[in-house]
There are 2 protein chains.
Amino acid sequence: MKAEYINPFLRSLANTFETMLGCTIERGTICLKKDQVAIFDISGIIGLSGKAIGTVVVSLSEEVALKATSAMLMCEATQIDEDVIDAVGEIANMVAGAAKAELEEYDMSVSLPNVITGKGHEVLFPSDVTPICVPFSSPWGPLTLEVGLAEVSEPVGSK
Amino acid sequence: MKAEYINPFLRSLANTFETMLGCTIERGTICLKKDQVAIFDISGIIGLSGKAIGTVVVSLSEEVALKATSAMLMCEATQIDEDVIDAVGEIANMVAGAAKAELEEYDMSVSLPNVITGKGHEVLFPSDVTPICVPFSSPWGPLTLEVGLAEVSEPVGSK
């Protein structure tokens, strides 16, 4: 994955938090994630496919997930429930959707968002894909964005 | 999601285990998964997008994951390592790939497979999607297939 492909995802995560949640997030240092560990407790994951295939993973601490849900729904979320699952999935969906629009040369479409919960869960990529991992800080706590993208030799699309 | 859409996935999981791994698996009772808990320790997950969007999740006990990897690589796998991650991802990829070919009216393409590890992890779907969950038994132990698919009003495809 070329490092510059991460930029649309960085922008769309910051925009999603700013415009949807009223929360300004700050980017840390981009790294190639070797040990591929989702550091936090709840991760939104969504697939991309087209002339490139890939995955976007947004991992949040429980605190960030609850605050983000509260901001999105305008009522306080106090525990991981269906509303929080839907909110975290929707964040992943918005991040992937806005980024794919910028990466139009790959003609990608997004799959259904899923949400992974469980302390110490890891979201791992195939060994031939090196995902790029970017930590962010926010007033609510830390979060990470992880994107793994692989170009395909011909469109996977219609079969 | 219409229940009959599950059949191509059931066939492709059984075929993948039979032809790739030399392992005959037996299907249990199909259920609509309400609590959406991935029962096992390692899950392969892959997205589908096109005129329907969705996710395929294949969850395996550690024992099944190790035996499947051993059969695929023809050398014994004894712990969850990169080979096992790749093997479980490849199983998810093959199941989704064969099933989408049968569901050609949805013109779907597959994303990159990811593998989730962590005891007690859960793979959750958006609340408006009810995934279908199918338990299987095998000589190596139990596994489950979970598929959530939602039709989209117009192709998600380009842009």
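Structural data are supplied above this passage.
Reference entry: report on the structure contained in this document. (Residues numbered from 1 in each chain as written. Chains lettered and ligands numbered in written order. Predicted model: local features only at pLDDT ≥ 70, side-chain atom pairs only at ≥ 80, totals over all residues. Heavy atoms only, no water.)

## Comments concerning the environment of Lys67 of chain A
- With respect to the helices, strands and loops of the structure, Lys67 of chain A is situated in helix H2 (residues 62-73).
- Through-space distance from the C-alpha of Lys67 of chain A to that of Asp41 of chain A is 14 Å; in sequence the pair is 26 residues apart. (Helix = DSSP H or I, 4+ residues; strand = E, 2+ residues; numbered from the N terminus.)

## Some words on the side chain of Ser49 of chain A
- Here Ser49 of chain A lies in strand E3 (residues 42-49).
- Since its relative accessible area comes to 2%, Ser49 of chain A is described here as buried.
- Within the local environment of Ser49 of chain A, its side chain forms a polar contact with the side chain of Ser49 of chain B, the two groups lying 2.9 Å apart.
- Separated by 2.7 Å, the side chains of Ser49 of chain A and Ser109 of chain B make a polar contact.
- Sequence-distant contacts of Ser49 of chain A, defined by excluding residues within four places in its chain, comprise Asp107, Met108 and Ser109 of chain A together with Ser49, Ser109, Val110 and Ser111 of chain B. (Buried < 20%, exposed > 50% of the residue type's maximum accessible area, 1.4 Å probe, protein only. Polar contact = N/O pair within 3.5 Å; in protein donor to acceptor, adjacent residues only side chain to side chain. Contact = heavy atoms within 4.5 Å.)

## Points about empty space enclosed by the protein
- Under the criterion given, the structure shown has two cavities of 30 Å³ or more.
- Around the largest cavity sit 14 residues that line it, and Ile45 and Gly47 of chain A together with Ile45, Ile46 and Gly47 of chain B are the ones nearest its centre.
- When residues of the lining of the largest cavity are traced back to their parent elements, those giving at least two are E3 of chain A together with strand E3 (42-49) of chain B.
- Counted by class, the lining of the largest cavity contains six nonpolar, eight polar and no charged residues. (1 Å grid on protein atoms, 1.4 Å probe; cavity = no way out; pocket = protein on both sides within 12 Å on 5 of 7 lines; lining within 4 Å. Points joined across faces, edges and corners; volume = space filled by probe spheres on them. Nonpolar A, V, L, I, M, F, W, Y, C, P; charged D, E, K, R; others polar.)

## Quick notes on the relation of the copies chain A and chain B
- Aligned on chain B, chain A shows an RMSD of 0.0 Å; the corresponding rotation is 180° and the shift along the axis is 0.0 Å. In the structure described here, the two chain copies are related by an operation that fits a two-fold rotation axis. Among all residues of chain A, the minimum C-alpha distance to the rotation axis is found for Gly47 of chain A, at 2.5 Å.
- The fraction of interface residues of chain A whose copies in chain B are also interface residues reaches 100%, indicating that both copies meet through the same surface. (Least-squares fit on C-alpha atoms with pLDDT ≥ 70 in both.)

## Some remarks on the layout of surface pockets
- Empty space within the largest pocket amounts to approximately 300 Å³.
- In this structure, the largest pocket is lined by 20 residues; those nearest its centre are Pro126 of chain A together with Glu90, Asn93, Leu112 and Pro113 of chain B.
- Tallying contributions element by element places helix H3 (residues 82-102) of chain B first for the lining of the largest pocket, with five residues.
- Counted by class, the lining of the largest pocket contains 12 nonpolar, five polar and three charged residues.

## A few points about H3 of chain B
Residues and elements named next belong to chain B.
- Compared with an ideal rise of 1.5 Å per residue, which puts 21 residues at 30 Å, H3 spans 31 Å between its outermost C-alpha atoms and is within 8% of the ideal.
- Among the residues of H3, those classed as buried are Val84, Ile85, Ala87, Val88, Gly89, Ile91, Ala92, Met94, Val95, Ala96, Ala99 and Lys100.
- Among the residues of H3, the N-terminal cap falls to Asp81, whose side-chain oxygen and the backbone nitrogen of Asp83 are separated by 3.1 Å. (Expected span 1.5 Å × (residues − 1).)

## So, the pattern of salt bridges
All names here are of chain B.
- Enumeration over the complete set of coordinates arrives at six salt bridges over all chains.
- The salt bridge involving Asp41 is made with Lys119; its shortest N-O contact spans 3.2 Å. A residue pair is termed long-range when its members are at least 10 positions apart, and Asp41 in the loop between strand E2 (31-32) and E3 and Lys119 in the loop between strand E6 (114-117) and strand E7 (122-124) qualify at 78 residues.
- Classification of Lys119 as exposed rests on a relative accessible area of 63%.
- Its salt-bridge partner being Glu63, residue Lys67 comes within 3.7 Å of it at the nearest N-O pair. Of this pair, Lys67 and Glu63 both sit in helix H2 (residues 62-73), four residues apart, which is roughly one turn of that helix.
- In this structure Lys67 comes out as partly exposed when scored by relative accessible area, which is 37%. (Salt bridge = Lys/Arg side-chain N within 4 Å of Asp/Glu carboxyl O.)

## What about the interface of chain A and chain B?
- The partner chain B presents 40 residues to the 40 residues of chain A that form the contact.
- Carbon and sulfur atoms supply 56% of the area that chain A and chain B bury against each other, a total of about 3100 Å² over both sides.
- Across the contact surface, chain A and chain B share zero salt bridges.
- Linking chain A to chain B there are 13 residue pairs in polar contact (both at pLDDT 80 or more).
- Top element by residues in the side of chain A that touches chain B is helix H3 (residues 82-102) of chain A. It accounts for five residues.
- Here the residues of the side of chain A that touches chain B are counted per class, giving 18 nonpolar, 15 polar and seven charged.
- Bridge analysis of strand E6 (residues 114-117) of chain A against E7 of chain B gives three bridges, and the strand direction is antiparallel. Residue pairing in the sheet places Thr117 of chain A in a bridge with Glu122 of chain B of E7 of chain B. (Buried area = accessible area lost by both parts, 1.4 Å probe. Pairing = 2+ DSSP bridges.)

By themselves, these are just geometric observations and shouldn't be taken as functional.
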